[in-house]
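Listed below, chain by chain, are the residues.
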Amino acid sequence: MTYFARNWQQKKKVIRQRLLDKSYNFTPYLGQPLKKKTHANPYNLKEWRPISIATISDRVVQRAILNRIWKDIRKKVHTEVSFGGIRKYKIQTFRHTPKIEKKEQDDHKNVFTAAKRIVELRKEGYHWVFETDIENFFPSIDRGKLFSELFPMLRDGSINHLIESALDTSVANAAQLGPLSSLWDPTIGVPQGGVLSPMLANFYLFEHDKILIDAGFHLIRYVDDLVIPTQSEQQARTAYRTCKLALEKIGLKIHPLGLNSNGRIKTNIRAPSESFDFLGLTFYSNSIRPMQSKFDSLPKRLMQITETQGRKDSLFTVIQQVNWCVRGWVKAYNFCNLSRRDLELIDQQSAFFIRRWLQRRGIIAKINKLDNEAYGWLGIERAQDIFINPILKPVKYRIKEFTKTHVPNKLQPA
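Keep in mind the model is a prediction, meaning the values are calculated, not measured. (Residues numbered from 1 in each chain as written. Predicted model: local features only at pLDDT ≥ 70, side-chain atom pairs only at ≥ 80, totals over all residues. Heavy atoms only, no water.)

Colleague: What is the right way to look at the overall build of the chain in this model?
Modeller: Secondary structure assignment for the chain yields 16 helices and 15 strands. Counting all 414 residues of the chain, 43% fall into the buried class. Relative to all contacts within the chain whose residues are 6 or more apart in sequence, the contacts with residues 24 or more apart total 68%. Surface summary for the chain: the accessible area is close to 22,500 Å², and the carbon and sulfur share equals 52%. (Helix = DSSP H or I, 4+ residues; strand = E, 2+ residues; numbered from the N terminus. Buried < 20%, exposed > 50% of the residue type's maximum accessible area, 1.4 Å probe, protein only. Contact = heavy atoms within 4.5 Å. Areas by Shrake-Rupley, 256 points an atom, 1.4 Å probe, with all protein chains shown as cover.)

Set out below in structure tokens:
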């Protein structure tokens, strides 16, 4: 990446010329199987997710294609119910210089706005929830159907061959992947991890979204994960049947209702008293919290940052990286109902790993506590100072019990 950036001007000229003379060819993706569970079986493909990694040049060209086709397909991507895989800006070319225009209201589509929409609907009485995700989504997209709907919408067909080539799902390292190479079917699907894939996935689901909207359902979809808040259990069951039929029309499917898949039930109907997980968040009747796995991931990341073996980082660098990590985590969940105890625990964790780093370097003799003054002169940022603005009004909770990491797993209003 650094080499490419240093030689960007020359690389850009070469890419541009190859595009003009129609000699540009996409390099086959590098296949990277990711585990869906800790102990995934290499012979059970359902426990793996096929990620396709493109070269830097190919990503640049895919981004250019996306900029070119954006205005043509925007109306079938920017629907009121889609909150993921949406670009934040529209781009206009003026004298060969990309110009970022003013942000549009519906460009603000992310986890926060999805959560906010759920909160709004629950305030209006939609307390039952149908939740699901599309099974094996990206590898199951019918490219033929996608192209038949996409190409007629484009201003001209001069880049159709580039789009087809960019969405080729064959991988260069299939021989090295063994049985996991079957995750990539070169005849169907779009590459998960490609620049074009999230946007075109939203485009592909336009028909599904329209059916649910026309049926009167308040769908909140983040690419292939979706929830539908309803006012009754009967409406939730109707939403399940409607969603299932709408996806079957475009060759997709959801997990059966109530079936356990990879350790959790992915298609379910939740009563008003039940919590549900969506986009890394747990929604309770009167609060939103990061899922327990998100709490657990923070100390693991802090441990990686402060690991001393084979590293020559300075104290300044370690504290800077710890600050970035904590700041990023807290700001990602700034709209959640994090308790004072949660924030104190995060501060204790960051201080512990910094003290451990100091002790292992022989700078301090014991891992003793850092007081408030030490936070200041070491430059350690505190989660308590970063956290500002939850979606829901602060609610006082009575903590009934704690998990091993001291994060409350059952909260009730006092």
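Still more to cover.
Colleague: Can you help me understand the packing of aromatic side chains in this one?
Modeller: Aromatic ring pairs are described here by two measures, namely the spacing of the ring centres and the angle between the planes. Enumeration over the complete set of coordinates arrives at nine aromatic pairs. Every member of this aromatic cluster is reached through a ring pair, and the members are Phe295, Trp329 and Tyr333. Directly above the aromatic system of Phe83 lies the positively charged group of Lys109, at a separation of 5.1 Å from the ring centroid. (Phe/Tyr/Trp six-rings, centres within 6.5 Å; stacked < 30°, edge-to-face > 60°. Lys NZ or Arg CZ within 6 Å of the ring centre and 35° of its normal.)

Colleague: How should I be thinking about the pairing of strand β5 (residues 128-133) in this particular structure?
Modeller: On a regular strand, each side chain points to the face opposite its neighbour's, so the side chains alternate between the two faces of the sheet. Of all six residues in β5, five are buried; the element is thus mostly enclosed. Two elements, β5 and strand β7 (residues 225-230), share six bridges in a ladder whose sense is antiparallel. Bridge assignment links Trp128 to a residue of β7, and that residue is Thr230. In the sheet, β5 pairs with strand β10 (residues 268-270) via three bridges, with the strands oriented antiparallel. Considered in β10, the bridge of Phe130 is made with Ile269. (Pairing = 2+ DSSP bridges.)

Colleague: Looking at this structure, how should I read empty space enclosed by the protein?
Modeller: If a probe as big as a water molecule is rolled over the atoms, it shows which places are left empty. Considering all chains together, one arrives at four cavities of 30 Å³ or more under this definition. What the largest cavity holds in volume is close to 80 Å³. Looking at the largest cavity, the residues that line it are Pro50, Ser52, Phe138, Pro139, Thr169, Leu183, Trp184, Asp185, Ile188, Val190, Pro191 and Gln192. Where the lining of the largest cavity is concerned, the elements lending two or more residues are β2 (48-53) and α5 (137-140). Partitioning the lining of the largest cavity into residue classes produces eight nonpolar, three polar and one charged. (1 Å grid on protein atoms, 1.4 Å probe; cavity = no way out; pocket = protein on both sides within 12 Å on 5 of 7 lines; lining within 4 Å. Points joined across faces, edges and corners; volume = space filled by probe spheres on them. Nonpolar A, V, L, I, M, F, W, Y, C, P; charged D, E, K, R; others polar.)

Colleague: How do you make sense of unusual backbone geometry when you look at a structure like this?
Modeller: Where the residue is not glycine, phi is negative for most of them; where a peptide bond is considered, it is trans in most cases. Backbone geometry places Val223, a non-glycine residue, at a positive phi of 55°. Along the chain, Val223 falls in the loop between β6 (220-222) and β7. Non-glycine residue Leu279 carries a positive phi angle of around 60°. Tracing the chain through its elements places Leu279 in the loop between β11 (276-278) and β12 (281-283).

Colleague: For this particular structure, what's the right way to read the sheet that holds β6?
Modeller: Within a sheet, adjacent strands bond to each other through the backbone by hydrogen bonds, running parallel or antiparallel. Taking strand neighbours across the sheet as the criterion, the four strands line up as β6-β7-β5-β10 in an open arrangement whose pairing is antiparallel. The sheet terminates laterally at β6 and β10, the two strands that pair on one side only. Pairwise comparison of adjacent strand axes, ignoring direction, gives a mean angle of 15° for this sheet. Packing of helix α11 (residues 233-248) onto the sheet brings it into contact with β5, β7 and β10, and relative to β5 it is tilted by some 20°. (Axes fitted to C-alpha atoms, helices over the stretch in contact; angles between N-to-C directions.)

Colleague: What am I meant to see in the sheet that holds strand β13 (residues 288-290) here?
Modeller: Strand order across the open sheet formed by three strands is β11-β12-β13, with antiparallel pairing between neighbours. A strand with exactly one partner marks an edge of an open sheet, and here the two such strands are β11 and β13. The average undirected angle you get between the axes of adjacent strands in this sheet is 30°. Two strands pair when backbone bridges link them, and β12 and β13 are joined in this way by three bridges, in the antiparallel orientation. Each bridged residue has a counterpart across the sheet, and for Phe283 the counterpart in β13 is Ile288.

Colleague: How do you make sense of the side chain of Asn173 when you look at a structure like this?
Modeller: Position of Asn173 among the secondary structure elements: in the loop between α7 (160-166) and α8 (174-177). Residue Asn173 is classed as buried on the basis of its relative accessible area, which comes to 13%. Residues contacting Asn173, with those up to four places away along its chain left out, are Tyr29, Leu30 and Gly31.

Colleague: Any chance you could explain helix α6 (residues 143-150) here in plain terms?
Modeller: Every α-helix winds through 3.6 residues per turn, so residues three or four apart in the chain are directed the same way. Among all positions of α6, only Arg143, Leu146, Phe147 and Leu150 are buried. The buried residues of α6 occupy one face: seen down the axis, they fall within an arc of 95°. Considering only its buried residues, α6 is in contact with α3 (56-73), α7 and α9 (197-204). Two or three places before Gly144, at the opening of α6, Asp142 has a side-chain oxygen 3.0 Å from that residue's backbone nitrogen. (Arc of directions from axis to C-beta. Polar contact = N/O pair within 3.5 Å; in protein donor to acceptor, adjacent residues only side chain to side chain.)

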